[in-house]
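Below, each chain spelled out in residue letters.
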Amino acid sequence: MDFTIERDELLQALYLTQGIVERRTTIPILANVLFEAVGDGVTIAATDQEVGVRRRCSAKVKKKGALTTGARKLYEIVRECPEGTLAIKSLENNWIEIAAGKSHFKIVGLDPKEFPAMPTAAAERDGQSFTVPSALLKEMIERTLFAVSLDETRLNLSGIFVERPQAGKLRLVATDGHRLSMVTRAIEGAAAGSGVIIPRKGVTEVTKVIEGGDDPVTLTLQSGVVHASRGAVELSMRLVEGEFPDYGQVVPQKSERRMLAAIEPLLAALRRVSIVSSERTRGVKLQIDSGRLEISSINPDLGEASEEIPVEYEGETFSIGFNAKYLIDVLGILPPGGTVEIGFNDEVSPGLLHYEGDPDYLCVVMPMRL
C-alpha cells in the first residue's frame, strides 16, 4: 500500500480513534488502527469490539492495500509532523514507513487480516433510522451523561437509554440509582420506537464526532448495534444488554414544596460548603425558610461550613440532606443566568429539579440522611 495524505486530514481521523483503542489488551490488534486504501481515498478504522469508528479521508492512492499499526504512537508522530503532505506506505513484514518533509519513520505493524470485522449501517436496511441536529444531540447528551452509572456490576445502568416515546419525539434518560436525568426534544421524521441502551463509552465518542460543524447525525438501530454517522465518519456501538429501569416510577408526580433559586449563586454556595463535607458522602444540609436557603455541612474530622442565599419559597421551614456532588453536577450543565426550581415532598422523598423555561428537562436526586 502506498498513498499520500494531508497531515491535518490524517490527524483528525486519528484523533477519533484515541478514545476507542485499548490501552491494555490481551489482543494486540485492538491497539492498532486499520488503513484501507481504495480508489481516491483511505478509510481509517479502530475498534475495541464494543465501539468502533470508521472515517473516510481524501488521499492520493498510488497502490491499493491495507495495513495496521499502533494507533497511539502513530497519532503522536503525526501530531508532531509539520503541516503539509505525508507519504505512507507498507513495507515487508507489516512494517510501515512514514515520510513528512525531511522526517522519516519506520514503525512496526500487524497483519491487517487479523483486524476484526466491523458492522456497517449499510449491511442491512431493516433497522430504524432517524436524523438529529448535531447541536441538539450534543445538548441532550450533556444533560444526561453525568448521571450514567460507573458501577460495572450494574450493566443496565452503564449507558444512556434512548427512546422515541411518540412520533417526532426523542428522549434520553440516564440514572445511577441515586439520581436520574431525562431530556425530551422534538425531532422531525422520527417514528415512535422502543428504547435501547447505548454504552457510556460510545456516547462519549459520539460527542467527539459532533464537535464543530452543523451536519446532522443519523442514528440507525439494527441487530443489537447502533450506528451514528455524520459526514465521512461512522461510529458503531454494541447496545448494552439488559432492561433499563422503569424511570416513570422514580419521577415524583407532584411536589408539595417548591423552591426557586438563581443557578449561579446556588452552585457557588454548594461548591464552597461541600469543601468541608465528607469525601465519601459529600453530604450537605439544605434548610429552607421563607425567602432564604441555608446550606451547611458538618464534618467531625475537618470542621463545618454554612452559607445563606436568597430564594423564592413560601411555606414552613423544611430541611433535607443531599450529596452535594449530585446537585453540583446537574447545576453545572445548566445555562448560567437562569433559574432552577427544586420540588420537595418530605425528608425521605427525592428532590425534583426543573430548569425554568424548559419543561422537557428534569433531574431527580435521592436525599440522604445526615
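Residues numbered from 1 in each chain as written. Predicted model: local features only at pLDDT ≥ 70, side-chain atom pairs only at ≥ 80, totals over all residues. Heavy atoms only, no water.

Turning our attention to the sheet that holds strand β21 (residues 292–299). Pairing in this open sheet of four strands is antiparallel, and the strands run β22-β21-β20-β23 from one edge to the other. The open sheet has two edge strands with one neighbour each: β22 (303–310) and β23 (318–323). Between one strand axis and the next, the sheet turns by 20 degrees as a mean value, whatever way the strands run. As defined by bridge partners, strand β20 (residues 283–289) adjoins β21 across five bridges and the pair is classed as antiparallel. Directly across from K285, in β21, lies its bridge partner S296. Of the strands in this sheet, β20, β21 and β22 are in contact with helix α5 (residues 263–273), which crosses β22 at around 170 degrees. Most of the contacts of helix α6 (residues 324–332) go to β23, to which it runs at about 80 degrees, and overall it touches β20 and β23. (Pairing = 2+ DSSP bridges. Helix = DSSP H or I, 4+ residues; strand = E, 2+ residues; numbered from the N terminus. Axes fitted to C-alpha atoms, helices over the stretch in contact; angles between N-to-C directions. Contact = heavy atoms within 4.5 Å.)

With a phi angle near 75 degrees, Q49 is a residue other than glycine that sits in the positive phi range. Positionally, Q49 belongs in the loop between β3 (41–47) and β4 (51–58). With relative accessibility at 39%, the residue Q49 sits in the partly exposed group. Positive phi outside glycine occurs at N94, with the angle close to 70 degrees. Residue position: N94 is located in the loop between β7 (85–90) and β8 (96–100). Residue N94 is classed as partly exposed on the basis of its relative accessible area of 31%. (Buried < 20%, exposed > 50% of the residue type's maximum accessible area, 1.4 Å probe, protein only.)

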